[in-house]
Amino acid sequence: MVKPEPNSIQLADLPLRPELVDAVPYGAPQLDVPVRLNVNENPYPPSEAVRKDMAKAVAKAAKSLNRYPDREATALREDLARYIGFGVSSGQIWPANGSNEVMTHILQAFGGPERTLLTFTPTYSMYPEYARNTHTAYVTRPRNASWGLTTSEILSAIEEVKPNIILLTTPNNPTGTTIPVAVIDEVCARTDAIVVVDEAYQEFTDAPEDSCIALLPKYGRLIVVRTLSKAFALAGGRLGYAVAAPAVVDALRTVRLPYHLSEVSQVVARVALAHAPEMLARVDELRETRANLEDWLQMHGLDVVSSQSNFVLFGRFADRHAVFQALLDRGVLIREVGPSGYLRVCAGTPRQTDAFRTALLDVLPTAHRLVPEEE
């Protein structure tokens, strides 16, 4: 039997929404190379013991996959509340398929036409897409010369833009810089807007317990977003969550799709949380690897942004793409992202980190670097 040819219609022939014309799907390169240090993953997979428990949980769940999952993810939310601490209850937790879906739920509930999201660049490249996909106006202001933000800088931007939603990222991707909780406290006290704090990398900071979750009893319009993708080595599990007032969680429940979080996702995440000490055991090591990488890069004359995450932004190169490609040619994949001239590398295993260092030393002699006079 002759296989029919697919319809030859082109993307340009489809009646796309105007703002989607010429847009490209988000995606860091997914290449099969020996060393991948480009998407801030935890390089250590779950242990054999954890994998076995996950397999058992999935096998048990498979017996009832003909039924819809618990659409409220009740047990998972209870486990997340126990892990988070700060006295939060399960009614303050909203899990979804990665923090990406959590952010989309937030903008579906509080953004939309004639509403504005304010954030500060450089920052995570998906934020404008969340706004675009929910018809929310996306307005940015620059971070300061240290890639941080002060209370006065944030409040000045709020006064100018008058946003409905303020998105603050700490630690920030791709810079790794943080905003003190005291600053966010002052901002929340002086705005009626929804304040979203993205803490995806919080566990990697020097003081992971210093979280904006502590501010939730004071501010009903504060939302803190977290994920299991990074510190918990569960990027493939796709589980993020918001922590907020119960009323905010009710708002997010209103816009979620029915049964949005599969039974498999829920049980795998619960196993990860049950093994939290073991799952987080590598965090201290990765924090130290990141700090050592900073020192090493600085020792070789590179401009390094001091990071509180599991990655380091470094440069500055006259042609950063040439450096990126030269490293890739040597089997090392990092990320070409962030301010002009910079590249980002995440903390890997000792073998991966050594491979990156070896490759970079091979590339640096021919990599022209920008100096302040050339800016």
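The structure displayed is predicted, hence computed values, not measured ones.

Caption draft 1: Just the packing of helix 2 (residues 74-84) against helix 8 (residues 263-274), in detail. Two elements in contact, helix 2 and helix 8, have axes separated by 10 Å at closest approach and are oriented at 25°. Looking at the two axes, helix 2 sits roughly parallel to helix 8. When you trace helix 2 past helix 8, the crossing you get is left-handed. Contacts between helix 2 and helix 8 involve Ala75, Leu76, Asp79, Leu80 and Tyr83 from the first element and Gln266, Ala269, Arg270 and Leu273 from the second. Grouping the amino acids of the contact of helix 2 with helix 8 by side-chain chemistry returns six nonpolar, one polar and two charged.

Caption draft 2: Looking closely at helix 11 (residues 320-329). Residues of helix 11 that are buried include every one of Arg320, Val323, Phe324, Ala326, Leu327 and Leu328, and no others. Just past helix 11, the residue Gly331 takes up positive phi, approximately 85°.

Caption draft 3: Up close: the nonpolar core. Core analysis: the biggest nonpolar cluster contains 52 residues, and Leu168 and Leu222 have the highest contact counts within it. No other element matches the six residues that helix 8 contributes to this core. Discounting residues that sit within four places of it in the chain, Leu222 has contacts with Cys188, Val195, Val197, Cys212, Leu215, Leu216, Val243 and Ala244. The next biggest cluster of nonpolar side chains, apart from the first, holds 37 residues, and it includes Leu293, Phe314, Leu327 and Val345.

Caption draft 4: Layout of the pairing of strand 8 (residues 240-243). The alternating pattern of strand 8 places Gly240 and Ala242 on one face and Tyr241 and Val243 on the opposite face, and all of these are buried. Here strand 2 (residues 93-96) runs beside strand 8; their pairing, made up of four bridges, is antiparallel. Across the sheet, residue Trp94 finds its bridge partner in strand 8, namely Ala242.

Caption draft 5: Layout of the sheet that holds strand 9 (residues 303-305). The three strands lie next to each other as 9-10-12, forming an open sheet whose pairing is antiparallel. Each edge of the sheet is formed by a strand with only one pairing partner; in this case those strands are strand 9 and strand 12 (343-346). Here the strands of the sheet are splayed against their neighbours by 30° on average, with no regard to which way each runs. As judged from the three bridges shared by strand 9 and strand 10 (residues 311-315), these two strands associate in the antiparallel manner. Directly across from Val305, in strand 10, lies its bridge partner Leu313. Of the strands in this sheet, strand 9, strand 10 and strand 12 are in contact with helix 10 (residues 283-299), which crosses strand 10 at around 10°.

Caption draft 6: Highlighting the side chain of Gln202. Within the fold, Gln202 resides in the loop between strand 6 (194-198) and strand 7 (222-227). If sequence neighbours within four positions are ignored, Gln202 has contacts with Thr170, Pro171, Ala207, Pro208, Asp210, Ser211 and Arg226.

Caption draft 7: Structural detail: helix 10. For helix 10, which comprises 17 residues, the first-to-last C-alpha distance of 24 Å matches the rise-based estimate of 24 Å (1.5 Å per residue) to within 8%. Restricting attention to buried positions, one finds in helix 10 the residues Val283, Leu286, Arg287, Thr289, Arg290, Leu293, Glu294, Trp296 and Leu297. Backbone geometry just after helix 10 places Gly301 at a positive phi near 80°.

Caption draft 8: Looking closely at the UniProt feature "domain: Aminotransferase class I/classII large" (unreviewed entry) in the protein chain. In the numbering used here, UniProt assigns the feature "domain: Aminotransferase class I/classII large" (unreviewed entry) to residues 35-357. Across residues 35-357 one finds 39% helix and 16% strand; the C-alpha atoms that close the span lie 11 Å apart.

Caption draft 9: Up close: the sheet that holds strand 8. Ordered in space as 2-8-7-6-5-3-4, the seven strands form an open sheet in which the pairing is mixed. Looking along the sheet, the strands with just one partner apiece sit at the ends: strand 2 and strand 4 (137-142). Adjacent strand axes in the sheet meet at a mean angle of 25°, parallel and antiparallel pairs treated alike. Relative to strand 8, strand 7 is paired through four bridges, and the arrangement is antiparallel. If you follow Val224 over to strand 8, its bridge partner there is Val243. On top of the sheet, helix 2 reaches strand 2 and strand 8; it is set at about 115° to strand 2, its chief contact.

Caption draft 10: Molecular detail of the pattern of salt bridges. A complete count under the given rule lists 20 salt bridges for this structure. For Arg77, the salt bridge identified is with Glu72, shortest N-O distance 3.6 Å. Under the relative-accessibility criterion, Arg77 is labelled buried at 9%. For the salt bridge of Arg282 with Glu285, the shortest nitrogen-to-oxygen distance reads 2.9 Å. Judged by relative accessible area, which is 27%, Glu285 ranks as partly exposed. Look at the salt bridges and you will find they share partners, linking Glu72, Arg77, Asp250, Arg253 and Arg256 into a network.

Caption draft 11: Fine view of the UniProt feature "modified residue: N6-(pyridoxal phosphate)lysine" (unreviewed entry) in the protein chain. UniProt marks Lys230 with the feature "modified residue: N6-(pyridoxal phosphate)lysine" (unreviewed entry), using the numbering shown here. Summarising the element assignment, Lys230 is placed in the loop between strand 7 and strand 8. What makes Lys230 buried here is its relative accessible area of 16%. Those residues within four positions of Lys230 in sequence are excluded, and the remaining contacts are Val39, Asn40, Asn42, Ala200, Tyr201 and Phe204.

Rules used in this analysis
Residue positions are given per chain, counting from 1 as you read along its sequence in written order. Where totals are concerned, whole chains, interfaces and linings use all residues; where local detail is concerned, this predicted model gives features only for residues with pLDDT of at least 70, and gives and counts side-chain atom pairs only at 80 or more. Water and hydrogen atoms play no part in the side-chain values, which are based on all heavy atoms of the structure. To obtain each axis, a line is fitted to C-alpha atoms, and for helices this fit is confined to the stretch in contact; angles are then taken between N-to-C directions over 0 to 180 degrees. Under the DSSP-based scheme used, a helix requires at least four consecutive residues in state H or I and a strand at least two consecutive residues in state E, with every element numbered from the N terminus. Orientation categories follow fixed angle ranges, with anything under 35 degrees roughly parallel, anything over 145 roughly antiparallel, 65 to 115 roughly perpendicular, and all other angles oblique. Less than a right angle of anticlockwise turn of the near helix away from the far helix marks a crossing as left-handed, whereas a clockwise turn marks it as right-handed. We call two residues in contact whenever any of their non-hydrogen atoms come within 4.5 Å of each other. Ten residues, namely Ala, Val, Leu, Ile, Met, Phe, Trp, Tyr, Cys and Pro, are considered nonpolar, four, namely Asp, Glu, Lys and Arg, are considered charged, and the remaining ones, Gly among them, are considered polar. Here the term buried applies to any residue with accessible area under 20% of the maximum for its type, exposed to any over 50%, and partly exposed to those in between, with areas from a 1.4 Å probe on protein chains only. Definition used in this section: a nonpolar core is a set of buried Ala, Val, Leu, Ile, Met, Phe, Trp, Tyr and Cys residues joined via side-chain atoms within 4.5 Å. DSSP calls a pair of strands paired once it identifies at least 2 bridges connecting them. An expected span of 1.5 Å times one less than the residue number is assigned to each helix. UniProt positions are given in the numbering used here, feature names are shortened, and annotations may be inferred rather than shown by experiment. For this document, the term salt bridge refers to a Lys or Arg side-chain nitrogen within 4 Å of an Asp or Glu carboxyl oxygen.

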